[in-house]
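A closer look at the structure
Letter by letter, the chains look like this.
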Amino acid sequence: MSALEKAFTSKPGKAIAAKAGLKDPPRLRRGRTWPEGAIVLAEIGDGSLARRTLTLLGRSVESPVVDDGGEPTPGYGARIGALVVDVTGLTTIPQLEELRAVLRPAVKGIERAGRIVIVAHPSAGDWEQRSVARALDGINRTIGKELRGGATTTLLHVAQEATPGDLVSTLGFVLQGRSAFVDGQAWTVAAAEQPAETLQERPLEDRVVVVTGAARGIGAAIARTLARDGARIVAVDIPPAGEALAQVANEVGGTALQLDITAADAGAAIAAHVARSGRPLYAVVHNAGITRDKMLANTDASRWASVLDVNLAAQMRINEVLLDPATEGGLADGGRLVGIASTSGLAGNKGQTNYAASKAGVAGLVEAMAPDLAERSVTVNAVAPGFIETEMTGRIPFVQREIFRRSNSLSQGGRPEDVAETIGYLLDPRSQGVTGQVIRVCGQNLVGA
Ligand SMILES: NC(=O)c1ccc[n+]([C@@H]2O[C@H](COP(=O)([O-])OP(=O)(O)OC[C@H]3O[C@@H](n4cnc5c(N)ncnc54)[C@H](O)[C@@H]3O)[C@@H](O)[C@H]2O)c1
């Protein structure tokens, strides 16, 4: 901790920070926890997908309070835990008023770390329907910026043909504390004909999952969280990190593989390791990543090449080997691939052209691969973390770090486990309809959210 950081975290320092408007950030709800208060369900139009999915999740629902324009604005008797609005039947601009009327009392009455979830169909139809679909996006992003106390909002675009079985893992994830740092985001759930099952405590039981960069930081958290969910972890990191890697692998009851992922035979080495376990490979989480920051004017070919190779090209080469049906120990049909992008990559960030290229490239890669792998039922997604408290971000000078960590709707940095939980959701066998998506885990970062 630097002298400046010590001064700021001391008692007088905290008082000065509070005066400057830097209040203690809200405490987030994490893990497999449900909202404490009631789950309120509003249905606009004749859609019933959210209702049927909440039934699968075993959640009872209450009716919404509706703002009828009278005085005073009606409110809820006690704080509510979540508002789920099914707008799958919403198609016209005047119907947006119905949405406002259920949102208004809810944003006033939502509990700490509560949830607003809007369940819509993807943009389609006539001019008005498509414009309304975008209006929902604007509403979702704005509510995220207005909610207080760690409450979050999410917009889900769910395919017309989707069933409650297709939505159950997604709605469960969003309502539970696992989505603590996912705020103001929208993503798509396709129809995958998932059986109508509820959430499971250990959805990855006995499934082999490779996690690269697992010796520390976000990678170690991914290994721990996925092991909690039942996975058999193969923890990969470079030989100099061997000791820390062995510790993580032992802790989660997995195996360690010392490997530089940029090695030409990295894919073959991973496959051989998995083949020795005698079990099929279910998923690969490409988490290993590096930064070599410099303004572009000072970025030479070697800084450029190393970042692009570790963060992007290596995972593409490894995927190619593991996706080859001839590879013993390769990825099984129905498997999962996850890449790690970054909000700085998606939005652009001064001094990080190489990193932004690599991380935006990861988003492009998953979008390109997803349709090609659909016939093998392999899903390919990315998570894009914002500011996460790790050794990587711990190296940023204190004042700059404090600005970065507060520059989002939840006024704090995320934890490695927040990224890990989102990956756990993507790996859940019930998330089959979620593919080609880039989900930001950034607390609705002001940059690129
Ligand atoms: N920390 C953040 O705020 C943040 C934000 C956005 C994205 N990310 C991304 O999340 C991922 C993890 O970040 P972190 O903060 O935990 O980083 P970190 O530096 O703490 O850990 C990265 C791990 O990857 C390993 N690694 C690096 N090069 C490797 C290689 N060639 N082969 C095998 N392993 C290698 C390192 O040894 C290390 O253990 C990275 O891809 C990073 O770009 C992090």
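Up top is the structure these notes are about.
Scoring rules and cut-offs
- Here the residue index of a chain counts from 1 through its sequence in written order.
- In view of the model being predicted, local features appear only for residues whose pLDDT reaches at least 70, and side-chain atom pairs are presented and counted only at 80 or more, with totals across whole chains, interfaces and linings using the full set of residues.
- Side-chain measures here rest on the full set of heavy atoms in the structure, leaving out hydrogens and waters.
- Each helix corresponds to a stretch of at least 4 residues labelled H or I by DSSP, and each strand to a stretch of at least 2 residues labelled E; elements are numbered beginning at the N terminus.
- The contact rule is simple, with two residues in contact once any of their heavy atoms fall within 4.5 Å.
- A single heavy atom is enough: if one lies within 4 Å of a molecule or strand, its residue is considered near that molecule or strand.
- A 3.5 Å cut-off defines polar contacts: any pair of N or O atoms within that distance qualifies, except that in protein one atom must be a possible hydrogen donor and the other a possible acceptor, and neighbouring residues in sequence count only when both atoms are side-chain atoms.
- Only the protein chains shown count as cover for residues, and the accessible areas themselves come from Shrake-Rupley with a 1.4 Å probe.
- Here, strands pair whenever DSSP counts at least two bridges between them.
- The angle between two axes is taken between their N-to-C directions and runs from 0 to 180 degrees, where each axis is a line fitted to C-alpha atoms and a helix contributes only its stretch in contact.
- Salt bridge, as used here: a side-chain nitrogen of Lys or Arg that lies within 4 Å of a carboxyl oxygen of Asp or Glu.
- Whether a residue is buried, partly exposed or exposed follows from its accessible area with a 1.4 Å probe, protein chains only, as a fraction of its type maximum: under 20%, in between, or over 50%, in that order.

Attention now goes to the environment of threonine 291. Along the chain, threonine 291 turns up in the loop between β10 (281-286) and α10 (301-323). Taking the C-alpha atoms as reference points, threonine 291 and leucine 308, 17 residues apart in sequence, are found 9.7 Å from one another. Residue contacts for threonine 291: discarding those within four places in its chain leaves Val307, Gln352, Tyr355 and Met392.

Taken together, 27 residues lie around the ligand, and Arg216, Ile218, Asp237, Asn287 and Tyr355 are the ones closest in. Here isoleucine 218 contributes a backbone N or O atom positioned 2.8 Å from an oxygen atom of the ligand. The contact in question runs from an oxygen atom of the ligand to an N or O atom on the side chain of tyrosine 355, over 2.6 Å. For the ligand, whose free accessible area comes to 830 Å², the fraction covered by protein is 94%.

Read from one edge to the other, the open sheet built from seven strands follows the order β9-β8-β7-β10-β11-β12-β13, with strand pairing classed as parallel. Every other strand in the sheet has two partners, leaving β9 (255-258) and β13 (438-441) as the edge strands with one partner each. Recorded for the sheet is a direction-independent mean angle of 20° between the axes of neighbouring strands. As paired elements, strand β7 (residues 208-212) and β10 share four bridges and run parallel to each other.

As a further point, take the pattern of salt bridges. Scanning the model with the defined rule gives 21 salt bridges in all. A salt bridge links arginine 100 to aspartate 67; the shortest N-O distance between them is 2.8 Å. A residue pair is termed long-range when its members are at least 10 positions apart, and arginine 100 in helix α4 (residues 96-109) and aspartate 67 in the loop between β2 (61-62) and β3 (80-86) qualify at 33 residues. The closest approach of N and O atoms between arginine 224 and glutamate 251, which form a salt bridge, is 2.7 Å. Highlighted residues: arginine 224 in helix α7 (residues 217-228) and glutamate 251 in helix α8 (residues 242-251), separated in sequence by 27 residues. Residue glutamate 251 is classed as exposed on the basis of its relative accessible area, which comes to 51%. One network of salt bridges, with partners in common, ties together Arg32, Arg228, Asp229 and Glu421.

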